[in-house]
Amino acid sequence: MERFEGTCETREEGLSRCVTLSNGVEMPWLGLGVFEVDDNDLTETIVRQAIERGYRSIDTAALYGNERGVGAAIRTCGLPREQVFVTSKVWNTEMRSDRVEQAFEESMKRLGLDYVDLFLLHWPIEGKIVASWTALERFYREGRIRAIGVSNFLPRHLEEIETNCDEMPVVNQIEYHPYLQSLDLKRYCEERSIRVEAWSPFMHGGGILRDPTLSEIAESYQKSVAQVIVRWILQTGVATIPKTQTASRMVENSDVFDFELSDSDMRRIADLERGMRWGGDPNNFDF
Ligand code: NDP
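A brief structural summary. Here, residues in each chain are numbered from 1, in the same order as that chain's written sequence. Given that the model is predicted, a residue must reach a pLDDT of at least 70 before its local features are reported, and side-chain atom pairs must reach 80 or more before they are shown or counted; all residues, however, enter totals for whole chains, interfaces and linings. Side-chain figures throughout are based on the complete set of non-hydrogen atoms in the structure, without hydrogens or water.

Turning our eyes to something else, we now look at the sheet that holds strand β8 (residues 171-175). Think of it this way: DSSP has to see at least two bridges between two strands before they count as a pair. Numbering of helices and strands runs from the N terminus; a helix is a DSSP stretch of H or I covering at least four residues, while a strand is a stretch of E covering at least two. On the basis of which strands lie adjacent, the open sheet formed by eight strands has the order β3-β4-β5-β6-β7-β8-β9-β10 and parallel pairing. Bordering the open sheet on either side are β3 (32-33) and β10 (239-240), each of which pairs with just one other strand. Here two bridges tie β3 to strand β4 (residues 57-59), and the two strands are oriented parallel to one another. Residue Leu 32 lies in a different strand from β4, and its bridge partner there is Ile 58.

Neighbouring the ligand are 29 residues; Asp 59, Ser 200, His 204, Thr 244 and Thr 246 lie closest to it. Within the contact set of the ligand, an oxygen atom lies 2.7 Å away from a side-chain nitrogen or oxygen of Lys 243. Take Glu 252: an N or O atom from its side chain is 3.1 Å from a nitrogen atom of the ligand. Protein chains bury 87% of the 910 Å² of accessible surface belonging to the ligand in isolation. Gly falls in the polar group here, along with every residue not listed as nonpolar (Ala, Val, Leu, Ile, Met, Phe, Trp, Tyr, Cys, Pro) or charged (Asp, Glu, Lys, Arg). Looking at side-chain class alone, the shell around the ligand contains 12 nonpolar, 12 polar and five charged residues. Summary of the distance rule: residues count as near a molecule or strand when at least one heavy atom falls within 4 Å of that molecule or strand. N or O atoms closer than or at 3.5 Å make up a polar contact, with two conditions inside protein: a donor-capable atom paired with an acceptor-capable one, and, for residues adjacent in sequence, both atoms drawn from side chains. Areas reported here follow the Shrake-Rupley algorithm with a probe of radius 1.4 Å; residue values treat only the protein chains shown as occluding.

Attention now goes to the environment of Gly 279. Checked against the element boundaries, Gly 279 lands in the segment after α11 (263-270). Residues Gly 279 and Pro 212 lie 67 residues apart in sequence; the distance between their C-alpha atoms is 23 Å. For this analysis, residues touch if any pair of their heavy atoms sits within 4.5 Å. Ignoring sequence-local partners within four residues, the contact set of Gly 279 consists of Glu 175 and Trp 199.

Within 6.5 Å between ring centres, the rings of Phe, Tyr and Trp (the latter by its six-membered ring) count as paired, and their orientation is classed by plane angle as stacked under 30 degrees, edge-to-face over 60, tilted in between. Under the definition given, this model contains 11 aromatic pairs. Aromatic side chains Phe 104 and Phe 119 sit 5.1 Å apart centroid to centroid with 90° between the ring planes, which places their arrangement in the edge-to-face category. With Phe 104 in helix α4 (residues 100-111) and Phe 119 in strand β6 (residues 116-121), this pair connects stretches of sequence that are 15 residues apart. Classification of residues uses two cut-offs on accessible area relative to the type maximum, computed with a 1.4 Å probe and protein chains only: under 20% is buried, over 50% is exposed, and between them is partly exposed. Taking relative accessible area as the criterion, Phe 119 reaches 0% and is therefore assigned buried. Their ring planes at 45° and their centres at 5.2 Å tell us that Phe 285 and Phe 287 sit as a pair that is tilted. Classification of Phe 285 as buried rests on a relative accessible area of 19%. Under the relative-accessibility criterion, Phe 287 is labelled partly exposed at 33%. Members of the aromatic cluster, joined through ring pairs, are Trp 91, Trp 123, Trp 199, Trp 278, Phe 285 and Phe 287. Taking the ring centre of Tyr 115 as reference, the NZ or CZ of Arg 81 above it sits at 4.0 Å. As a reminder, the over-ring test applies to NZ of lysine and CZ of arginine, requiring each to be within 6 Å of the ring centre and within 35 degrees of the ring normal.

Shown next as structure tokens:
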């Protein structure tokens, strides 16, 4: 099993604990996702609350419609800009219409920041992967994006980049939780030093949070199922960005650095794999 090890020397506690991406940039292992927080004022409040509770990584996207709120919170939270890691993503319609460069500029304008830490191609759009990636490479070289990555990419999509482009993605953000472990894809990414990051770690807040095995394991550590899932994800060497707009859950979901799942419990959770998705299938999506 790959160990969950923070490699950052200067910011090594809890939510500040970082993984070093293959280009040397440090990314917190655990951040906050803000999908479906539709209102920018509410987003600003939530992100500020999260930062006050120690979160140092925020995952947004042009699609979520809340980059303005994320940027406002980061600009006004009182922390130096370099202490908060911000991820955003370019949406599919922009890739389909060859508007990645403009879309990036629009995201930056909404965020109101000089640079973004991680910028992702949101989904692999057939026929547009190389052109979209090449646009991101340009901004990366200019220093306006510190790390470039992809989301929902399968090996064949990554191969297209490997064959035709200069830089490899440093992150692949995929749906990943105990019911969908994508071991082959995970291994493929790890062999190429592409860090896997888990979206929808709680399957969007579904029944996985009431899974009997996870509940039993949670009870034995006096933790919640949500905490066991986050801890399991980190111990498999995967970063993650659970979403919550509930202040108490922000604390709960990040209180995972004071226990370690045993090898036998890691195996019990590995056995829960059932190839079950909450979100779209990268092999077959129509959005
Ligand atoms: P999650 O799996 O993170 O689940 C979020 C849901 O779980 C919300 O309804 C939340 O409720 C609830 N929840 C959070 N914590 C707890 C808890 N401790 N106990 C019980 N319920 C809890 O869903 P997301 O789909 O939002 O995924 C996380 C993030 O991943 C997104 O916000 C986004 O940033 C990213 N993402 C990326 C995608 C991609 O294609 N790249 C696709 C989907 C998501 P509440 O907020 O009310 O507390």
